[in-house]
Amino acid sequence: MDFSLSDEQKAFRASVYDWAAATVAPGASDRDKEGRWDPQVWKSLAAQGLAGLPIPEQYGGAGGSVMDCVVANEAIAEGGHDGGFNLSLGAHWVIGSVPIWLHGTEEQKQRWLPGLTDGSMIGAWASTEPEAGSDAAGLLTTAVPDGGDWILNGNKIFITNGPIAQVCTVLAKTAEKAATAFIVDTSNPGFQVGKELDKMGCRSSPTAEIALIDCRVSADCVLGKVGEALWSIAFECFDWERTVMIASAVGGMQATLASSIAYAKERKQFGRPISQFQAVAHKLAEMKVRLESCRTAVYRAAYLKQTGVEHQMEASIAKYLVGELSVKNALDAIQIHGGYGYLRDFNVERALRDAKLGSIGGGTSEIQKLIISRLLLGG
Ligand SMILES: Cc1cc2nc3c(=O)[nH]c(=O)nc-3n(C[C@H](O)[C@H](O)[C@H](O)COP(=O)(O)OP(=O)(O)OC[C@H]3O[C@@H](n4cnc5c(N)ncnc54)[C@H](O)[C@@H]3O)c2cc1C
């Protein structure tokens, strides 16, 4: 199994890193403090041709492979130090745009993908509900046929890009234990964006509750087959989240390691750099081991996905490892930075808060262990 990067991918990674370091990083601390999404950073990303990276060129995208998306996501996080920007981008790519590309009719693709790929539109996905999180099948939002249309009613929560998206794919129950996905134009009067949620981390990414109140959509808004969204579209979204979206946390781990190495070499105590104390040097070694374990796990899952090989086990292993170990690395980075690491002005403090989402969003660590153990036990 060879998932090493080609020279072209290495050059692409370097150019994306440079863009993120120049454009995303400078305002990251302020956006975090203010909980503010910055449309100018988004416009700059779109100008780089990155808004439609996973989508084929015929729909305006860049036709990137799964590995290209992993590499770009990782490089943006490493250079940008802004987990929130990566969260919004990841949601736009893998749960906002990819389902329309993979399951949409030609008409749906022509209607939505050009805007999503040139960045003039932002995409979102709404499956989670106040009473249906890990148990995604327990959703209560209903879609009832009415003439040739459908009427959606219910409440969604934790919707990334909810306040800024022009299009949102909404999951609703259409029969007992059967859900259907609907592509909803967010200007629909029945699609009501509620309170923006005040989060611990990833604060530059807007997250909201959505109320669907007699939200009337026409039959041509149905994405994929009626009643089959849970085990096809939603399942696939989770898979993209666990292979591509999670790569941002690997970039975050790389950034906190680099900051920690630089700080440990520069900071002197007892007359010498703290890097010369074995306790500090070993922390750096442990951070590197965790980083490479996570990167290898993510690249392996992404490579298998790209080559069309079954990889549910590998994707859950990657998601679990990254979700847990990125937090450990951020904690070690803070420890190495001492009191300064505890200050909001240092990137490592934000890195810890941003990293924590990795063990919750897109399927918690406990759910990953449930999947892994079920696959092991054949249940
Ligand atoms: C910042 C953020 C952005 C998000 N973005 C989106 C989005 O864009 N679209 C969207 O639809 N959703 C989104 N989510 C929702 C996210 O996917 C859910 O929060 C996640 O799946 C967990 O669901 P929950 O929060 O309801 O927790 P719960 O499911 O209530 O879990 C609570 C605890 O119980 C544990 N638990 C639950 N069931 C089991 C079990 N069977 N075995 C063992 N332990 C279990 C969990 O692991 C967890 O520790 C987002 C969430 C956050 C925080």
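Look above for the structure.
All figures in this text were calculated on a predicted structure; none of them were measured in a lab. (Residues numbered from 1 in each chain as written. Predicted model: local features only at pLDDT ≥ 70, side-chain atom pairs only at ≥ 80, totals over all residues. Heavy atoms only, no water.)

Peer 1: Tell me about the pairing of strand β3 (residues 149-160), and please be specific about residues and values.
Peer 2: Put simply, side chains in a regular strand alternate between the two faces of the sheet. Bridge count for strand β2 (residues 142-146) against β3 is 5 bridges, and the pairing is antiparallel. Across the sheet, the residue bridging to P145 is W150, located in β3. Taking the residues that link successive antiparallel strands as the turn, the β2-β3 hairpin has 2 residues, and the phi of G147 there is positive, at about 65°. The pairing of β3 with strand β7 (residues 207-218) spans 9 bridges and is classified as antiparallel. The residue of β7 that forms the bridge with N155 is A211. (Pairing = 2+ DSSP bridges. Helix = DSSP H or I, 4+ residues; strand = E, 2+ residues; numbered from the N terminus.)

Peer 1: Break down the packing of helix α10 (residues 312-336) against helix α13 (residues 365-377) for me, with residues and values.
Peer 2: As a packed pair, α10 and α13 sit with axes 9 Å apart at the nearest point and diverge in direction by 150°. Crossing handedness for the pair α10 and α13: left-handed. For the pair α10 and α13, contact is made by Q312, M313, S316, I317, K319, Y320 and E324 and by S365, Q368, K369, I371, I372, L375 and L376, respectively. Residues that form the contact of α10 with α13 fall into these classes: 7 nonpolar, 4 polar and 3 charged. (Axes fitted to C-alpha atoms, helices over the stretch in contact; angles between N-to-C directions. Left-handed = near helix turned anticlockwise from the far one by under 90°. Contact = heavy atoms within 4.5 Å. Nonpolar A, V, L, I, M, F, W, Y, C, P; charged D, E, K, R; others polar.)

Peer 1: If you had to explain the pattern of salt bridges to someone new, which residues and values would you point to?
Peer 2: Scanning the entire structure with this criterion turns up 21 salt bridges. A salt bridge links D32 to R353; the nearest nitrogen and oxygen atoms lie 2.8 Å apart. Here D32, found in helix α2 (residues 28-34), pairs with R353, found in helix α12 (residues 347-355); they are 321 residues apart in sequence, far enough to count as distant. The two residues D32 and R353 agree in class, both being buried. For R216, the salt bridge goes to D146, with nearest N and O atoms at 2.6 Å. In this pair, R216 sits in strand β7 while D146 sits in strand β2, placing the two residues 70 residues apart along the sequence. Using a relative accessible area of 41% as the deciding quantity, one classes R216 as partly exposed. For D146, a relative accessible area of 34% translates into the label partly exposed. Through salt bridges that share partners, R13, E74, E78, K288, E292 and R295 make up one connected network. (Salt bridge = Lys/Arg side-chain N within 4 Å of Asp/Glu carboxyl O. Buried < 20%, exposed > 50% of the residue type's maximum accessible area, 1.4 Å probe, protein only.)

All quantities given are derived from atomic positions and should not be read as evidence of function.
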